[in-house]
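# Structural overview
Each chain, letter by letter, is given below.
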Amino acid sequence: MLDTATAAAGNKTSGARSFDAIVIGAGIAGIYQLYRLRALGLSVRVFETGGGVGGTWYWNRYPGARFDSESYTYGYAFSEELLKEWNWSEHFSPQPETQRYLNHVVDRFDLRRDIQCDSRVKAADFDETARRWTVTLDDGERYNARFLITAVGPLSADTLPRLPGLDRFKGRSFHTYRWPHEDVDFAGKKVAVIGTGATGVQVIQTIAPLVGELTVYQRTPNWCTPLHNRKIGDAEQAAIKANYPAMFELLRQTPGCYIHNTDPRGTFEVSDEEREAFWEKLYAEPGFSIWMANFRDMLTDPKANALFSEFVARKIRQRVKDPATGEKLIPKCHGFGTRRVPQETGYYEVYNLPNVHLVDTRETPIETITEAGIRTSAGERAFDMIVYATGFDAVTGAFDRIAIRGTGGRLLTEHWADGPKTYLGLMSSGFPNLLTIVGPHNASTRCNIPRCIEQNVDWISDLVRYAHEKGVTRFEPTTEAEADWSKHVEELASGMLYTKVDSWLTGINTNVDGKNVRRVLQYQGGAPQYRARCDAVVAGGYSGMVLR
Ligand code: NA7
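Now for a quick tour of the structure. (Residues numbered from 1 in each chain as written. Predicted model: local features only at pLDDT ≥ 70, side-chain atom pairs only at ≥ 80, totals over all residues. Heavy atoms only, no water.)

### What about the overall build of the chain?
Helices and strands together make up the secondary structure of the chain, namely 18 helices and 21 strands. A compact globule built from 548 residues would reach a C-alpha radius of gyration of about 24 Å, and the chain, at 23 Å, matches this within 12%. Residue pairs at least 24 apart in sequence account for 72% of intrachain contacts in the chain once pairs closer than 6 positions are excluded. Side-chain charges in the chain split into 64 positive and 67 negative, and the spacing between the mean points of these groups amounts to 2 Å. (Helix = DSSP H or I, 4+ residues; strand = E, 2+ residues; numbered from the N terminus. Rg over C-alpha atoms; globule rule 2.2 N^0.38 Å. Contact = heavy atoms within 4.5 Å. Lys, Arg positive; Asp, Glu negative; His and termini not counted. Charge placed at Lys NZ, Arg CZ, Asp CG, Glu CD.)

Listed below in structure tokens is the structure:
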């Protein structure tokens, strides 16, 4: 039996069917987009699949889910009052607090009345005569609007492993994204976790002390580094708030809008002692400093990358008592930082516990899920629960799950069949009046995401206001501008080591047909450069676009 999150109190609204704008998704992006469009005096309806608001932070309620961005860098920056009144209790906020925060924002700005939950959009069709989008929900209800804005998130199309027998298992099983709303009791239970990405790591380190026995099925180990989370005391809280203006200014300047900035030195420009001391310092620092504030050539020079990977490998060997298990936990096929770096708290020490077992599924592949548990080539183990921490059809997956048809009835999935084609990662040719917050080719998925979301939303809101004021009823990028942007995005990524590695960052998902070819999904020039490109388009009178 596969458990799924049950819808919490829904709030289906009725009434008007025609709006100035429709937004798909009520996560961080959709909430802020609604706020901005409402301020322009537009009529807006937000459709949200979940039973409540929050997107990522509504669905991912698995044990141990928390930020890996510093909390105070992650909250919305658009309202000084909000910044002043909200206290983050930890440097890296746990999911329940983040969900409370997003609900607080929705209520504080009276946004809930325009958000329709329990409403999955299954199709969107552009009517060329009316120059409007018609949106169809799962239940067949239809709505229309001049502007359609997707705020569907880069990691919202969850995927189960492609294994036989998933439905046969008699115990409880969950994908981490579909975690039940009620508490799950792990006491004394035999639990399996499949998947060791950022999510699997958070689950594993959290439930290991609670369960009877834990078996981790690992296909590819990752380079995990310490999060160093801690509570925020009163004095620190006051200091963080006093520093907000300077901090947000810094976030505007760093490539990923984190408080961490790339070290300008090259790995081999310093002495061995200096390098070692620098890396020890990074390992002892909180958050993504080790990934974002490392030497400038860490993610482009294979030799620099190999040397630092060896440094992290030494840490893993020191922390895991059994040498054979330690070796299994050290990545051999990719270097540090070429996949998303999971941030951990005692993750490696979990494997020193007598009730925790590690199964390397490359040595002994999973053959099937059985009624009792999991069978690999080495035999069967019985479980009470199976946790699928098996990730997402990333970035484009959520778009693939909606039949979005532009001019001539062309599907967006067809337009993107050989890889995304976009202008600024915000629009595609042949899909007029459609705007994609955090779309492919956007800087957002390499970013402290709310910071880039705010930029996307502000840019989109300015365009919508411009169109509204000037009586523009149809806008879209030219095919030339789209081709140029797509080429620019590809060029920026070339030479980066991550492009040669399979992961969600390169659009690989072994559980989805057609997602076996590596793609460039992210704008790699950094957020400041991306922002400048977006601003230049506006300064050029929306250059590269046709406005009618
Ligand atoms: P990830 O990082 O995509 O991790 C998914 C994990 O599941 C990864 O270890 C996969 O192994 C594993 N997986 C997927 N399918 C299978 C099958 N069929 N058999 C065995 N193992 C499998 O997703 P997360 O949810 O952890 O993290 C997503 C992002 O959320 C994260 O980067 C943060 O940004 C927040 P693989 O590595 O593919 O061999």
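From this point on, the discussion continues.
### What to know about the pairing of strand E17 (residues 385-388)
Residues Met385 and Val387 line one face of E17 and the alternating positions Ile386 and Tyr388 line the opposite face, and both faces are buried. With four bridges connecting them, strand E8 (residues 172-175) and E17 associate as parallel partners. Of the residues in E17, the one forming a bridge with Phe174 is Val387. Where strand E9 (residues 190-194) lies against E17, four bridges are found, and the strand directions are parallel. Looking across to E17, one finds that Val193 is bridged to Val387. (Buried < 20%, exposed > 50% of the residue type's maximum accessible area, 1.4 Å probe, protein only. Pairing = 2+ DSSP bridges.)

### Brief notes about the site of the ligand
Near the ligand you find 19 residues, and of these Thr199, Arg219, Thr220, Arg339 and Trp504 are the closest. Side-chain polar atom of Trp504 to an oxygen atom of the ligand: 2.8 Å apart, as the coordinates give it. (Near = heavy atom within 4 Å. Polar contact = N/O pair within 3.5 Å; in protein donor to acceptor, adjacent residues only side chain to side chain.)

### Topic: the pattern of salt bridges
Scanning all chains against the criterion turns up 40 salt bridges. A salt bridge links Glu276 to Arg314, with the shortest nitrogen-to-oxygen separation between them at 2.9 Å. Here Arg314 lies in helix H11 (residues 302-319) and Glu276 lies in helix H9 (residues 272-284), a separation of 38 residues in the sequence. Between Glu476 and Arg548 there is a salt bridge; the shortest N-O distance is 3.1 Å. Here Arg548 lies in the segment after strand E21 (545-547) and Glu476 lies in strand E20 (residues 475-477), a separation of 72 residues in the sequence. With a relative accessible area of 45%, Arg548 lands in the partly exposed category. (Salt bridge = Lys/Arg side-chain N within 4 Å of Asp/Glu carboxyl O.)

### A look at the side chain of Arg36
Residue position: Arg36 is located in helix H1 (residues 28-39). In this structure the side chain of Arg36 is engaged in a polar contact, spanning 2.6 Å, whose partner is the side chain of Asp458. Non-local contacts of Arg36, meaning those with residues more than four positions away in its chain, are made with Val457, Asp458, Ser461 and Asp462.

### Here we look at the packing of aromatic side chains
Under the counting rule described, the total for this entry stands at 43 aromatic pairs. Ring centres 5.7 Å apart and planes at 85 degrees place the aromatic pair Tyr258 and Phe288 in the edge-to-face group. With Tyr258 in the loop between helix H8 (244-253) and H9 and Phe288 in the loop between H9 and helix H10 (289-292), this residue pair connects regions lying 30 residues apart in the sequence. Of the two residues, Tyr258 and Phe288, both sit in the buried class. (Phe/Tyr/Trp six-rings, centres within 6.5 Å; stacked < 30°, edge-to-face > 60°.)

### Looking at the nonpolar core
The biggest cluster of nonpolar side chains holds 77 residues, and the ones touching the most others in it are Tyr76, Ile115, Leu424, Ile437 and Trp459. The greatest single-element share of this core, amounting to nine residues, is contributed by helix H16 (residues 449-470). What Trp459 contacts, discounting residues up to four positions off in sequence, is Leu424, Leu426, Met427, Cys534, Asp535, Val537, Val538, Tyr542 and Met545. (Core = buried A, V, L, I, M, F, W, Y, C linked by side-chain atoms within 4.5 Å.)

### A closer look at the state of the cysteines
If you walk through the whole model with that rule in mind, you get one disulfide. With no disulfide partner, Cys534 has as its closest neighbouring cysteine sulfur the one in Cys452, 9.6 Å distant. (Disulfide = S-S within 2.5 Å.)

### Let's talk about the packing of H1 against H16
Their axes nearest at 9 Å, the elements H1 and H16 cross at an angle of 35 degrees. The interaxial crossing formed by H1 with H16 has right-handed handedness. Seen from H1, the contacting residues are Ile28, Ala29, Tyr32, Gln33, Arg36 and Leu37; seen from H16, they are Pro450, Ile453, Glu454, Val457, Asp458, Ile460, Ser461, Asp462 and Val464. Grouping the amino acids of the contact of H1 with H16 by side-chain chemistry returns nine nonpolar, two polar and four charged. (Axes fitted to C-alpha atoms, helices over the stretch in contact; angles between N-to-C directions. Left-handed = near helix turned anticlockwise from the far one by under 90°. Nonpolar A, V, L, I, M, F, W, Y, C, P; charged D, E, K, R; others polar.)

### Some words on the sheet that holds strand E15 (residues 373-376)
The sheet built from three strands is open, its strands ordered E14-E15-E16 with antiparallel pairing. With partners counted over all chains shown, the strands left at the sheet margins are strand E14 (366-369) and strand E16 (379-382), one partner each. Between one strand axis and the next, the sheet turns through 20 degrees on average, direction left out of account. Where E14 meets E15, three bridges bridge the pair, whose relative direction is antiparallel.

### Observations regarding the environment of Ala389
Here Ala389 shows up in the loop between E17 and helix H14 (397-400). Along the backbone, Ala389 and Val193 are 196 residues apart, and their C-alpha atoms lie at a distance of 6.8 Å. The contacts of Ala389, once residues within four sequence positions are left out, are Thr176, Val193, Ile194, Gly195, Thr199 and Gly200.

### Let's talk about unusual backbone geometry
One non-glycine residue with positive phi stands out, namely Asp110, at about 55 degrees. The class of Asp110 is partly exposed, set by a relative accessible area of 39%. In this structure, His228 is a non-glycine residue whose phi angle is positive, near 55 degrees. For His228, the position within the fold is in the loop between strand E11 (225-226) and helix H7 (234-242).

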